[in-house]
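Summary of structural features
Below, each chain spelled out in residue letters.
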Amino acid sequence: RKEVEQDPGPFNVPEGATVAFNCTYSNSASQSFFWYRQDCRKEPKLLMSVYSSGNEDGRFTAQLNRASQYISLLIRDSKLSDSATYLCVVKGTGGFKTIFGAGTRLFVKA
Amino acid sequence: NAGVTQTPKFRVLKTGQSMTLLCAQDMNHEYMYWYRQDPGMGLRLIHYSVGEGTTAKGEVPDGYNVSRLKKQNFLLGLESAAPSQTSVYFCASSWVGSPLHFGNGTRLTVT
């Protein structure tokens, strides 16, 4: 079993749609959680950190469920510019070993 | 503020040649990482370092060596390149528990 697993995608949605990405992790001792965005052939960039209380940044909402070892990302009112690959990232015990999910590709169409 | 800088940006090697990829960060981060990303696949951790003079193996360390002689630099070496090492290599750095900051990547082709 992979340490971090994501929906394989791709997701094809129209502009204005709401889309949700899911991620599960296997190490219950994992300490920090993030969502990154990666555009084609570019480096990953931090989208947002994920906290147990849930957090929101504009159209983006992230949730963490430690009991179920589950992370989610919700994008509301999708824009064409949201088209990218979304990566779930988990940092393990000690806060240094960082594992990336394979990513979920999102295509937002006009 | 340069952040994380990788050199070179592109490189073509012949099978059996060696090379070193350099990563430099100016954020005084303790932790540094090397990942590889193959087409259509996620990032896989090659090696990482939790401080100057320390290194550790990640998920796919075979065929690579690393060194962290200075806190700001993390070198990735390929002693005898193989076509299977054709990939995009990303370096990253961070504090404990904090998000990773990435360099722009090195695109390596081994023929």
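An account of the accompanying structure is given in this report. (Residues numbered from 1 in each chain as written. Chains lettered and ligands numbered in written order. Predicted model: local features only at pLDDT ≥ 70, side-chain atom pairs only at ≥ 80, totals over all residues. Heavy atoms only, no water.)

Observations regarding the overall build of chain B
The helix and strand inventory of chain B stands at 0 helices and 11 strands. When the helices and strands of chain B are placed in sequence order, the string is β-β-β-β-β-β-β-β-β-β-β. Its C-alpha atoms give chain B a radius of gyration of 13 Å, near enough to 13 Å, the size a compact globule of 111 residues would have. With respect to the principal axes defined by its C-alpha atoms, chain B has extents near 35 × 25 × 25 Å. When the 111 residues of chain B are sorted by exposure, 50% land in the buried category. Counting only contacts in chain B whose residues sit at least 6 apart along the sequence, the fraction spanning at least 24 positions is 54%. Working note: accessible area of chain B is about 5,100 Å², and carbon and sulfur atoms make up 54% of it. Charged side chains in chain B number 10 positive and 7 negative. The centres of these two groups are separated by 7 Å. (Helix = DSSP H or I, 4+ residues; strand = E, 2+ residues; numbered from the N terminus. Rg over C-alpha atoms; globule rule 2.2 N^0.38 Å. Buried < 20%, exposed > 50% of the residue type's maximum accessible area, 1.4 Å probe, protein only. Contact = heavy atoms within 4.5 Å. Areas by Shrake-Rupley, 256 points an atom, 1.4 Å probe, with all protein chains shown as cover. Lys, Arg positive; Asp, Glu negative; His and termini not counted. Charge placed at Lys NZ, Arg CZ, Asp CG, Glu CD.)

Re the nonpolar core
By size, the foremost hydrophobic cluster in this structure holds 24 residues, and its most contacted members are A:F21, A:W35, A:I71, A:L73, A:I75, A:Y86 and A:L106. Put simply, the parts of the chain that give this core at least two residues each are β3 (19-25), β4 (32-38), β5 (45-50), β7 (60-65), β8 (70-75), β9 (84-91) and β11 (104-109) of chain A. With residues up to four places along the chain from it excluded, the contact list for A:L73 reads A:V19, A:A20, A:F21, A:W35, A:L47, A:M48, A:F60, A:T61 and A:Y86. Membership of the second largest hydrophobic core comes to 19 residues, among which are B:L13, B:M19, B:L21 and B:Y64. (Core = buried A, V, L, I, M, F, W, Y, C linked by side-chain atoms within 4.5 Å.)

Remarks on the state of the cysteines
Note on terminology: a disulfide is the covalent bond linking the sulfur atoms of two cysteines. All names here are of chain A. One pass over the full model with this rule turns up 2 disulfides over all chains. Disulfide pairing places C23 opposite C88 at an S-S distance of 2.0 Å. Since a negative S-S torsion denotes a left-handed disulfide, the C23-C88 link at about -75° is left-handed. Of this pair, C23 sits in strand β3 while C88 sits in strand β9, and the two are 65 residues apart along the sequence. (Disulfide = S-S within 2.5 Å.)

A closer look at the environment of B:T86
All names here are of chain B. On the secondary structure map, T86 appears in the loop between β8 (73-78) and β9 (87-94). T86 sits in the partly exposed class, given a relative accessible area of 30%. Sequence separation between T86 and T109 is 23 residues, and the spatial gap between their C-alpha atoms is 4.6 Å. With residues near it in sequence (within four places) discarded, T86 still touches R36, D38, L108, T109 and V110. At 2.8 Å, the side chain of T86 forms a polar contact with the backbone nitrogen of V110. (Polar contact = N/O pair within 3.5 Å; in protein donor to acceptor, adjacent residues only side chain to side chain.)

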